[in-house]
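The lines below spell out each chain.
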Amino acid sequence: MTLVPMTLGLVFWLDLGIKLVVVAAVVPLIGMVIGYGEMKLSAHMQSRVGPYFAGGRYGWAQLIADGVKFIQKEDIIPAEADRPVFKWAPALVFLGTMALLVIIPLHPSTNGIVRDLDVGIFYALAISSVSTIGVLMAGWSSANKYSMIGGLRAAGQLIAYELPLVLATVGVVIQAGTMSMQGIVQAQVAQGWPFLLTQFVGFAIFMIAALAELTRLPFDMPIAESELVMGYVTEYSGFRFLFFFLAEFTNMFSMSAIAATLFLGGYAIWGLDPSNLLSPVILFAKVGVLLFLMIWLRWTLPRLREDQLQTLAWKWLIPISIVNILVTAVLKVVV
């Protein structure tokens, strides 16, 4: 009688373990693809060729070559650094990135998502703040003034933009009536159109806040090469330096996938059965459009000043997102 529960528990943990291994294997691939795309797109925007020789024509193996180079480099730790904190900071940032991928649905079946949590979007927004702790650890433990300033800037920026990021999703949750990522996609399918049509204000706020969370231009104040060398990453070398950049590119994918799921219907497209085999391709196509938007904005807009960055969050994005929540709630009840 006790064998059945034990067998079911073993199957559950085995299934979860396999999915987590797949996620861990996919993270470097995602980082390399997005990194290559950014290098090529930025080159075209600046009338350059970009990667061309590594791996043959078009330089498709450039990121592989860079990865091998970083792994071979010496792992240097400053003499005055807090060694344990310095070592674990990149790993914490990277783990926070991987943890975001487990709640992104690729297909309506149970195998189309690692874990379909009832509080999926709440989990995603909570776990995304783990990377903030890693950035603070990196800035404080490096025993470098540039790193410390970069860490403090990152803390102020990420705390400011966590609020509009969270508030932008509340309107979607009100409309869908659930925080499950699968449930939000299914609510859009049942409704007949994506939430973007009714939550376009929330979508704009979410994308702006996501760029700030990723510390990408025009919100790259924690890095600011012309001011802080490389900010909180200044003292890192080798594979630890690589972890930060893999985390950035993978976070771009995660934030784009969450935005596509919340506002663009996720893996669903109207006119096709959501359970078809093209569901992951549909989601990746939507994610690709949002990734292009992020890369395009990086190479188009100038960096904001620190006061402009904070003003945008506290005086504009947060009040507008609160008004959006109130309007959505009223329309939900009345209409």
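Residues numbered from 1 in each chain as written. Predicted model: local features only at pLDDT ≥ 70, side-chain atom pairs only at ≥ 80, totals over all residues. Heavy atoms only, no water.

Caption draft 1: Inspection of the overall build of the chain at higher detail. When helices and strands are counted, the chain shows 12 helices and zero strands. N-terminal to C-terminal, the α/β element order of the chain is α-α-α-α-α-α-α-α-α-α-α-α. With respect to the three principal axes, the spread of C-alpha positions in the chain is 60 × 55 × 45 Å. A separation threshold of at least 6 residues defines the contact pool for the chain, and within that pool the share at least 24 residues apart is 78%. Element-wise, carbon and sulfur atoms account for 74% of the exposed surface of the chain, whose accessible area totals about 16,400 Å². Within the chain, one finds 19 positive and 19 negative side-chain charges whose respective centroids are separated by 5 Å. (Helix = DSSP H or I, 4+ residues; strand = E, 2+ residues; numbered from the N terminus. Contact = heavy atoms within 4.5 Å. Areas by Shrake-Rupley, 256 points an atom, 1.4 Å probe, with all protein chains shown as cover. Lys, Arg positive; Asp, Glu negative; His and termini not counted. Charge placed at Lys NZ, Arg CZ, Asp CG, Glu CD.)

Caption draft 2: Fine view of the packing of helix α8 (residues 200–213) against helix α10 (residues 238–263). Look at α8 against α10: their axes get within 11 Å of each other, and the N-to-C directions meet at 170°. Considered as vectors, α8 and α10 are oriented roughly antiparallel to each other. Residues Gly202, Phe203, Phe206, Met207, Ala210 and Glu213 of α8 lie in contact with α10, whose contacting residues are Met255, Ile258, Ala259, Leu262 and Phe263. Within the contact of α8 with α10, the residues separate by chemical class into nine nonpolar, one polar and one charged. (Axes fitted to C-alpha atoms, helices over the stretch in contact; angles between N-to-C directions. Parallel < 35°, antiparallel > 145°, perpendicular 65-115°, else oblique. Nonpolar A, V, L, I, M, F, W, Y, C, P; charged D, E, K, R; others polar.)

Caption draft 3: Local environment of the nonpolar core. By size, the foremost hydrophobic cluster in this structure holds 81 residues, and its most contacted members are Tyr161, Phe206 and Leu262. Not counting the four nearest positions on each side in its chain, Phe206 is found in contact with Leu165, Ala168, Thr169, Met255, Ile258, Ala259, Leu262 and Phe263. (Core = buried A, V, L, I, M, F, W, Y, C linked by side-chain atoms within 4.5 Å. Buried < 20%, exposed > 50% of the residue type's maximum accessible area, 1.4 Å probe, protein only.)

Caption draft 4: Representation of helix α3 (residues 83–100) in the model. A rise of 1.5 Å per residue sets the reference length of α3, with its 18 residues, at 26 Å; its end C-alpha atoms lie 27 Å apart and thus fit the reference within 8%. The set of residues buried in α3 consists of Phe86, Ala89, Pro90, Ala91, Val93, Phe94, Gly96, Thr97, Met98, Ala99 and Leu100. (Expected span 1.5 Å × (residues − 1).)

Caption draft 5: Representation of the side chain of Glu38 in the model. Residue position: Glu38 is located in helix α1 (residues 3–45). For Glu38, a relative accessible area of 3% puts it in the buried group. Setting aside chain neighbours within four positions, we find Glu38 in contact with Arg216, Phe249, Met252, Ile295, Arg298 and Trp299.

Caption draft 6: Expanded view of the environment of Pro28. By the element assignment, Pro28 lies in helix α1. For Pro28, a relative accessible area of 30% corresponds to the partly exposed category.

Caption draft 7: Summary view of a nonpolar patch on the surface. Together, Val323, Val327, Val330, Leu331, Val333, Val334 and Val335 make up a nonpolar patch on the protein surface, roughly 720 Å² of accessible area in all. Mapped onto the elements, Val330 comes out in helix α12 (residues 306–334). Owing to a relative accessible area of 49%, Val330 belongs among the partly exposed residues under this scheme. (Patch = residues over 30% accessible without salt bridge, like charges linked within 9 Å, V, L, I, M, F, W, Y side chains within 5 Å. Salt bridge = Lys/Arg side-chain N within 4 Å of Asp/Glu carboxyl O.)

Caption draft 8: Highlighting the environment of Val173. Looking at where Val173 falls in the secondary structure, it is placed in helix α6 (residues 145–176). Val173 sits 42 residues away from Thr215 along the chain, and the two C-alpha atoms are 26 Å apart. Apart from the residues lying within four places of it in its own chain, the contact partners of Val173 are Ile121, Thr178 and Met179.

Caption draft 9: Inspection of the packing of α8 against α12 at higher detail. At a closest axis distance of 10 Å, the pairing of α8 and α12 adopts a crossing angle of 150°. Taken as axis vectors, α8 and α12 run roughly antiparallel relative to one another. For the pair α8 and α12, the sense of crossing is left-handed. Across from Val201, Gly202, Ile205 and Ile208 in α8, the residues of α12 making contact are Leu312, Leu317, Ile320, Ser321 and Asn324. Of the residues assigned to the contact of α8 with α12, the class counts are six nonpolar, three polar and no charged. (Left-handed = near helix turned anticlockwise from the far one by under 90°.)

Caption draft 10: How the structure looks around the layout of surface pockets. Counted as a void, the largest pocket has a volume near 1,100 Å³. Along the wall of the largest pocket there are 48 residues; nearest its centre are Phe244, Phe245, Leu246, Glu248 and Phe249. Of all the elements in the fold, those that place two or more residues in the lining of the largest pocket are α1, α2 (62–72), α3, α5 (130–141), α6 and α10. Ranked by residues supplied to the lining of the largest pocket, first place goes to α10 with 10 residues. Across the lining of the largest pocket, the residue classes tally to 29 nonpolar, 10 polar and nine charged. Counted as a void, the second largest pocket has a volume near 390 Å³. The element best represented in the lining of the second largest pocket is α1, accounting for five residues. Here the lining of the second largest pocket is built from residues that sort into 14 nonpolar, three polar and one charged. (1 Å grid on protein atoms, 1.4 Å probe; cavity = no way out; pocket = protein on both sides within 12 Å on 5 of 7 lines; lining within 4 Å. Points joined across faces, edges and corners; volume = space filled by probe spheres on them.)

Everything listed is a geometric property; what it means functionally is a separate question.
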